[in-house]
Amino acid sequence: MIALLAAALLGASDPPPDPEPGSFLRLRMGAWAGRGFEFEADRAGGVRVTSDGSTMASAGIDVGTELYRGVILFGTVEESAARNQRARAAGAYLGYRERPAESIGRGVPDEVTLYAGGLWGSFEVDESGFGDFDDAFGFGGGIELAWRLGRSSAISLLAEYRFLEFDYEPDVTGGDTKAGGSTGWLGIGIDLRF
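Note that this is a predicted model, so its numbers are computed, not measured.

1. Concerning the confidence of the model for the protein
Confidence in the prediction of the protein, expressed as mean pLDDT, is 89, and 86% of residues score 70 or more. The low-confidence segment residues 1–13, where pLDDT is below 50, has 17 contacts with residues more than four positions distant or belonging to other chains.

As structure tokens, this is what we get:
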């Protein structure tokens, strides 16, 4: 995937004409990370639970439409996992995509998109007797730098900030009561446009 991105950046010629407003499908993969995923708590009876993972591999799908030239609306669904952690997220984003009037040069993004919206998420630690976390609602925002490969495809770099706090259900006598909080997502995507 990284080789594909490098080839696109180095070998890109002038981008094709701007596509007409339409729908898009983005396949993306990356990492969801944050110190808040590290969890340690003491429960009644002297039971201590810990989870030390702070980064999860992530894959997702975004589906959306360009409502008007530059204004986009899309939904996202994603699955993330590490050694003993699993998270799911879904949400809706509204954004604005800027396209330069003409190509600036090789390697410079053909499009820059800023977006923000609401998210739902779940988080679990896959260990016997660990306990569960409540689902959470929060928000996120991000930036996408895209290089068009043709009229109907592009490859992109994405970076997001997310705030989702997952409350730990069992009563604790000390330590953490929540997981998540302020986190980041970084990855690459392939856009297909219709």
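2. Details of the nonpolar core
One finds W32, F39, F123, F130, F133 and F166 to be the most contacted residues of the largest nonpolar core, which totals 25 residues. Ranked by residues supplied to this core, first place goes to strand β7 (residues 111–125) with four residues.

3. What about the sheet that holds strand β2 (residues 39–43)?
Backbone hydrogen bonds are what pair the strands of a sheet, in a parallel or an antiparallel way. If you walk across this open sheet you meet the three strands as β3-β2-β10, and the pairing is antiparallel. Looking at which strands have only one partner, the edges of the open sheet turn out to be β3 (47–51) and β10 (172–175). Ignoring which end each strand starts from, the neighbouring axes of this sheet average 25° apart. Note: β2 against β10, three bridges, orientation antiparallel. Considered in β10, the bridge of R43 is made with V172.

4. A look at the sheet that holds strand β1 (residues 23–33)
Strand order in the closed barrel formed by eight strands is β1-β4-β5-β6-β7-β8-β9-β11, with antiparallel pairing between adjacent strands. Between one strand and the next, the sheet's axes are offset by a mean angle of 25°, whatever the strand orientation. Relative to strand β4 (residues 55–68), β1 runs antiparallel, the two sharing eleven bridges. When the bridges of β4 are listed, L25 appears paired with V63.

5. Observations concerning the pattern of salt bridges
Within the structure shown, the criterion is met by 22 salt bridges. Among the ionic pairs, E160 bridges to R28, the shortest N-O distance being 2.7 Å. In this pair, E160 sits in strand β9 (residues 153–167) while R28 sits in strand β1, placing the two residues 132 residues apart along the sequence. R28 matches E160 in its accessibility class, with the two residues each being buried. Between R99 and E66 there is a salt bridge, with the nearest N and O atoms lying 3.2 Å from each other. Linking R99 in the loop between β6 (85–98) and β7 with E66 in strand β4, this pair joins segments that are 33 residues apart in sequence.

What counts and how
- Residues numbered from 1 in each chain as written.
- Predicted model: local features only at pLDDT ≥ 70, side-chain atom pairs only at ≥ 80, totals over all residues.
- Heavy atoms only, no water.
- pLDDT = per-residue confidence, 0-100.
- Contact = heavy atoms within 4.5 Å.
- Core = buried A, V, L, I, M, F, W, Y, C linked by side-chain atoms within 4.5 Å.
- Buried < 20%, exposed > 50% of the residue type's maximum accessible area, 1.4 Å probe, protein only.
- Helix = DSSP H or I, 4+ residues; strand = E, 2+ residues; numbered from the N terminus.
- Pairing = 2+ DSSP bridges.
- Axes fitted to C-alpha atoms, helices over the stretch in contact; angles between N-to-C directions.
- Salt bridge = Lys/Arg side-chain N within 4 Å of Asp/Glu carboxyl O.

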